[in-house]
Amino acid sequence: MSEPRWLNETQMRAWTGFLEASGLIQRHVERQLRQDAGLTMVQYEILHWANECAPERRCITELADLMITSRSGLSYQVAQLEKAGLLRREPDPDDERRAMVVITEDGRRLLDKTAPGHVEAVRDGLIDLLTDEQVTQLADMMDGVRTRLRTRVPTAARRRAT
C-alpha cells in the first residue's frame, strides 16, 4: 500500500478553514431561519426546492438526491412540514411506491416572508465579505467540486438504474 498523500500546511489550513467557515455560516443562517420562521435550514431547503419545481411535483427520492441526504431523514422533515401545513405528499401517478412533495400556499407564503431575511443572512455571513471576483472564483470552485463529487457519489436514481 502506498504512503498517504498528507496535506501540507496550506492545504490543511484550507481544509480546516472550509470546515469551520461552512459550519459557522450554516449556524448563522439557521439562527435567522429559526428566528424568522421557526424552520431549520433543511426544512427551508425542502420548501425552496418544492417551490422551485412548482407547479410540478418532486419525488422525495429526487429531493434526497438533490439535497445530499437520506430518504428517511428527508421523510421525517417532510412529515414535520406536512403537519405544519407547508407541504403535502401525494402519490406518484406513474409509480405508486413513490411519494411526491407539493408546496402548499401556506408554505409559499412562509417562503416569501422568510426569503428577505434569509438572503440578508447569506450576504452577511458570506457574500458581502468577498469581492465580486472572489464570489465568481468561489462559485467556479464549488461548481468544480460539485461536478466531480456528484459523479462519484451514487444517487438513488443511479443506484436503481444499476
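See above for the structure.
Residues numbered from 1 in each chain as written. Predicted model: local features only at pLDDT ≥ 70, side-chain atom pairs only at ≥ 80, totals over all residues. Heavy atoms only, no water.

## Examining the packing of helix α3 (residues 60–67) against helix α4 (residues 71–83)
Interaxial distance between α3 and α4 falls to 9 Å at its minimum, and their mutual angle equals 110°. The orientation of α3 with respect to α4, classified from their angle, is roughly perpendicular. Judged by the twist between their axes, the crossing of α3 over α4 is right-handed. For the pair formed by α3 and α4, the contact residues are I60, T61, L63, A64 and M67 on the first element and R71, L74, S75 and V78 on the second. Per-class residue counts for the contact of α3 with α4 are six nonpolar, two polar and one charged. (Axes fitted to C-alpha atoms, helices over the stretch in contact; angles between N-to-C directions. Helix = DSSP H or I, 4+ residues; strand = E, 2+ residues; numbered from the N terminus. Parallel < 35°, antiparallel > 145°, perpendicular 65-115°, else oblique. Left-handed = near helix turned anticlockwise from the far one by under 90°. Contact = heavy atoms within 4.5 Å. Nonpolar A, V, L, I, M, F, W, Y, C, P; charged D, E, K, R; others polar.)

## With respect to helix α5 (residues 105–125)
Helix length check: α5 (21 residues) gives 30 Å between terminal C-alpha atoms against 30 Å at 1.5 Å per residue, within 8%. By the largest-angle criterion, A115 marks the main kink of α5, which is about 40°, and a proline, P116, follows within four residues. All buried positions along α5 are accounted for by G107, L110, L111, T114, H118, A121 and G125. In this fold, the buried residues of α5 make contact with α1 (9–37), α2 (41–52) and β3 (95–103). (Expected span 1.5 Å × (residues − 1). Bend = angle between axes of the 7 residues up to and from the residue. Buried < 20%, exposed > 50% of the residue type's maximum accessible area, 1.4 Å probe, protein only.)

## A closer look at the pattern of salt bridges
Throughout the structure, instances matching the rule amount to nine salt bridges. Of the charged contacts, one joins R89 and E82 as a salt bridge, the two residues approaching to 3.0 Å between their closest N and O atoms. Salt-bridge contacts for R97 lead to D95; the nearest nitrogen and oxygen are separated by 3.0 Å. Classification of R97 by relative accessible area gives exposed; the value is 73%. (Salt bridge = Lys/Arg side-chain N within 4 Å of Asp/Glu carboxyl O.)

## Quick word on the sheet that holds strand β1 (residues 58–59)
Sheet architecture is open: three strands sit in the order β1-β3-β2, paired in antiparallel fashion. Every other strand in the sheet has two partners, leaving β1 and β2 (87–92) as the edge strands with one partner each. The sheet contact formed by β1 and β3 spans two bridges and is antiparallel. Residue pairing in the sheet places R58 in a bridge with V101 of β3. This element, α4, spans β2 and β3 of the sheet and lies at about 120° to β2. (Pairing = 2+ DSSP bridges.)

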